[in-house]
Amino acid sequence: MSKEKNVDTAFFGQPRGLSTLFFTEMWERFSYYGMRAILLFYMYYAVTKGGLGMDQTTAASIMSIYGSLVYLSGVVGGWLSDRVWGPRRTVFIGGVLIMFGHIALSLPFGVTALYVSIVLIVVGTGLLKPNVSEMVGGLYSPEDRRRDSGFSMFVFGINLGAAVAPWAVPWAANGFGLNLFHGEMNFHAGFSLAAIGMFFGLIQYVVGGRKYLSKDSLYPDDPIEKDDLRPVIIWTLVGVVALIIVLGLLAALGQLNINNIITLITIIAIALPIYYFIMMLNSKKVTKVEKSRVVAYIPLFIAAVIFWGIEESGSVVLALFAQQRTVLHIGGWHFAAANFQTLNPLFIMILTPVFVTLWDRWKNQPSAPGKFAAGLVFAGLSYAFMALPALIHGTTAGRVSPFWLVGSWFIVEIGEMLISPIGLSVTTRLAPNAFKSQMMSMWFMADAAGQAVNAQIVKYYSSSTEVPYFLTIGIVSIVFGVILMFFVKKIHGLMGGVD
């Protein structure tokens, strides 16, 4: 009885430490999604309108590759937490870098500040995001049945911050509803609000962390030994030197520009998971059954790349569609193009309990490959749906109803319910014992690769090309989903007993 009384239930029946991590991630997502909601417009708006005056195509490519880098950096962040700093310190350092990244954007220093901000936020997010989730798991003992509900509350906090930000940050950039900027956009005010949000997150993280987080989070789980440190330093230096050589060659050829750098990052984002697959399939540490499971994971990984390429386009292609082709009012209610970014987290919060109930009650539900196939079809349909306005009204007919965007986001979020949580689960279960951490990194690399590919194909989008753009990508996703359906039994067989 005394043991039950000592269970920490201070935060809605959950450990008090969950509130610290809940609000840390909520504010981090507030700052990131708030910045992301207006960043594309800031890059390509004319200087006279408060922007940087970039070419729209370049701005869209930068947005996509930015997202790719954020997910790639998580691999390094997880390693530093496990081997060097411990999760609590790693998260704090990440939060500080994110805050300074938003501060850089809030200052009127042009393109230089933009690139400095991207570096800081990419590195900071890579340090913070994977390790906050790890600490949530550390709040519960292995037998604690509250673990799943605790993670559900944590994910709700993520989406809450992401849903509020696309309203709050554009509101600040538009003068807080007071016409402070005489009808013009002051993007720096919006970025300042994102920086303040991350500052609040850090304050409560430090104060709450001292009181409610385990002291074990101050130390790395697998501290690196001196003998292991030497090869890490050597390979890091080799990588840095190789990068310098490539950049030097581009400079010597007069080809060192942002577009070629984006292409270089795209190549790395695609090559890295290929390297990991080859390494695992050829490793002596991986058993025959485990290799079969890795092979089964390959088509699921490709499906995830296609899906994330479509889903993550919400902050790029659909943002452009919102600004250039959408009626920005419903009756007397006027809103900003950036506000549409709230639809992603909003629909996730609405659909999650629906799908949790569905999976709990559906006895003969599809296997993971079947769900992936259906998710790809829904993702493709969301893009095919976006081709309808131009097919019906033409691309020169002006602006169309905002409900086209609402419908498209709703459809793709059904696809996300079929792929994202299922993918996280199946990744952990198909992982070879010797590569559990690396396999989890692979899941995030799928998102990185999808956005890296997006950085290249988004160059072909414009208001005049929207029909072939949406239809082509949508059909590719649907066709791959249908093909995947025919191989569901084969893939499931290769999964070696994993359901």
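Only a predicted model underlies this, so the values are computations on that prediction, with no experimental measurement involved.

Draft legend 1. Quick look at the overall build of the chain. Counting its regular elements, the chain contains 17 helices and 2 strands. Its C-alpha radius of gyration of 23 Å places the chain within 12% of the 23 Å reference for a compact globule of 499 residues. A principal-axis box enclosing the C-alpha atoms of the chain has dimensions of 65 × 60 × 55 Å. For the chain, the residues scored as buried account for 50% of the 499 residues in total. In the chain, of all internal contacts separated by at least 6 residues, the share reaching a separation of at least 24 is 80%. Between the mean site of the 33 positive side-chain charges and the mean site of the 26 negative ones, the chain shows a separation of 3 Å.

Draft legend 2. Focus on the nonpolar core. Core analysis: the largest hydrophobic core is formed by 111 residues, its most contacted members being Leu39, Met43, Phe372 and Phe470. If we ignore the near neighbours within four places in the chain, the residues touching Phe470 are Val317, Leu318, Phe321, Tyr383, Ala384, Met386, Ala387 and Tyr461. Within the second largest apolar cluster, 19 residues are counted, among which are Met26, Val91, Leu128 and Phe154.

Draft legend 3. Summary view of the environment of Gln451. For Gln451, the location among the structural elements is in helix H15 (residues 436–457). For Gln451, a relative accessible area of 3% puts it in the buried group. Filtering out sequence-adjacent residues up to four positions away, Gln451 remains in contact with Ser64, Ile65, Gly67, Ser68, Tyr71 and Glu312. A distance of 3.5 Å separates a polar side-chain atom of Gln451 from the backbone oxygen of Gly67.

Draft legend 4. Structural view of the pattern of salt bridges. Inspection of every chain in the model, using the stated rule, returns 6 salt bridges. For Arg29, the salt bridge is made with Glu28, and the minimal N-O distance between the two is 2.7 Å. By relative accessible area, Glu28 is classed as buried at 1%. A salt bridge links Asp144 to Arg146, with the nearest nitrogen and oxygen atoms 2.9 Å apart.

Draft legend 5. A nonpolar patch on the surface, seen in detail. Where nonpolar side chains cluster on the molecular surface, the patch consists of Ile475, Val479, Val482, Ile483, Phe486 and Phe487 and spans about 590 Å² of accessible area. Position of Val482 among the secondary structure elements: in helix H16 (residues 466–486). Owing to a relative accessible area of 34%, Val482 belongs among the partly exposed residues under this scheme.

Draft legend 6. Examining the packing of aromatic side chains more closely. The full count for this structure, using the stated rule, is 35 aromatic pairs. For the ring pair Phe347 and Phe410, a centre distance of 5.3 Å and an interplane angle of 70° mean the geometry is edge-to-face. Here Phe410 lies in helix H14 (residues 403–430) and Phe347 lies in helix H12 (residues 343–361), a separation of 63 residues in the sequence. Look at Phe347 and you get buried, because its relative accessible area is 10%.

Draft legend 7. How the structure looks around the environment of Leu388. Following the sequence through the fold, Leu388 ends up in helix H13 (residues 368–393). For the pair Leu388 and Val122, spaced 266 residues apart in the sequence, the C-alpha separation amounts to 36 Å.

Draft legend 8. Just the layout of surface pockets, in detail. Estimated volume of the second largest pocket: approximately 580 Å³. Lining the second largest pocket are 23 residues, with Gly138, Leu139, Tyr140, Ser141 and Asp144 sitting closest to its centre. Within the lining of the second largest pocket, the residues separate by chemical class into 8 nonpolar, 5 polar and 10 charged.

Draft legend 9. Geometry of the side chain of Gln14. Mapped onto the secondary structure, Gln14 falls in the loop between helix H1 (2–5) and helix H2 (16–44). Filtering out sequence-adjacent residues up to four positions away, Gln14 remains in contact with Asp8, Thr9, Tyr140, Arg146, Ser149, Gly150 and Met153.

Draft legend 10. Main features of the packing of helix H9 (residues 258–282) against H15. Across the interface, H9 lies against H15 with an axial gap of 9 Å and an inter-helix angle of 150°. Here H9 lies roughly antiparallel to H15, going by the angle between them. Remark: the crossing between H9 and H15 carries left-handed chirality. Where H9 approaches H15, its residues Ile262, Thr263, Thr266, Ala269, Ile270, Leu272, Pro273, Tyr276, Phe277 and Met280 are matched on the opposing element by Gln438, Met439, Met442, Met445, Ala448, Ala449, Ala452, Val453, Ala455 and Gln456. Taken together, the residues of the contact of H9 with H15 break down into 16 nonpolar, 4 polar and no charged.

Draft legend 11. How the structure looks around helix H8 (residues 226–252). End to end, H8 covers 39 Å across 27 residues, agreeing with the expected 39 Å (1.5 Å per residue, within 8%). Where H8 terminates, the next one or two residues include Gly254, which has phi positive at roughly 70°.

Draft legend 12. The arrangement of unusual backbone geometry in detail. The backbone of Phe12 sits at a positive phi, close to 50°, despite the residue not being glycine. In this structure, Phe12 sits in the loop between H1 and H2. Since its relative accessible area comes to 68%, Phe12 is described here as exposed.

About the thresholds
- Residues numbered from 1 in each chain as written.
- Predicted model: local features only at pLDDT ≥ 70, side-chain atom pairs only at ≥ 80, totals over all residues.
- Heavy atoms only, no water.
- Helix = DSSP H or I, 4+ residues; strand = E, 2+ residues; numbered from the N terminus.
- Rg over C-alpha atoms; globule rule 2.2 N^0.38 Å.
- Buried < 20%, exposed > 50% of the residue type's maximum accessible area, 1.4 Å probe, protein only.
- Contact = heavy atoms within 4.5 Å.
- Lys, Arg positive; Asp, Glu negative; His and termini not counted.
- Charge placed at Lys NZ, Arg CZ, Asp CG, Glu CD.
- Core = buried A, V, L, I, M, F, W, Y, C linked by side-chain atoms within 4.5 Å.
- Polar contact = N/O pair within 3.5 Å; in protein donor to acceptor, adjacent residues only side chain to side chain.
- Salt bridge = Lys/Arg side-chain N within 4 Å of Asp/Glu carboxyl O.
- Patch = residues over 30% accessible without salt bridge, like charges linked within 9 Å, V, L, I, M, F, W, Y side chains within 5 Å.
- Areas by Shrake-Rupley, 256 points an atom, 1.4 Å probe, with all protein chains shown as cover.
- Phe/Tyr/Trp six-rings, centres within 6.5 Å; stacked < 30°, edge-to-face > 60°.
- 1 Å grid on protein atoms, 1.4 Å probe; cavity = no way out; pocket = protein on both sides within 12 Å on 5 of 7 lines; lining within 4 Å.
- Points joined across faces, edges and corners; volume = space filled by probe spheres on them.
- Nonpolar A, V, L, I, M, F, W, Y, C, P; charged D, E, K, R; others polar.
- Axes fitted to C-alpha atoms, helices over the stretch in contact; angles between N-to-C directions.
- Parallel < 35°, antiparallel > 145°, perpendicular 65-115°, else oblique.
- Left-handed = near helix turned anticlockwise from the far one by under 90°.
- Expected span 1.5 Å × (residues − 1).

Read these as spatial facts, not as claims about activity.
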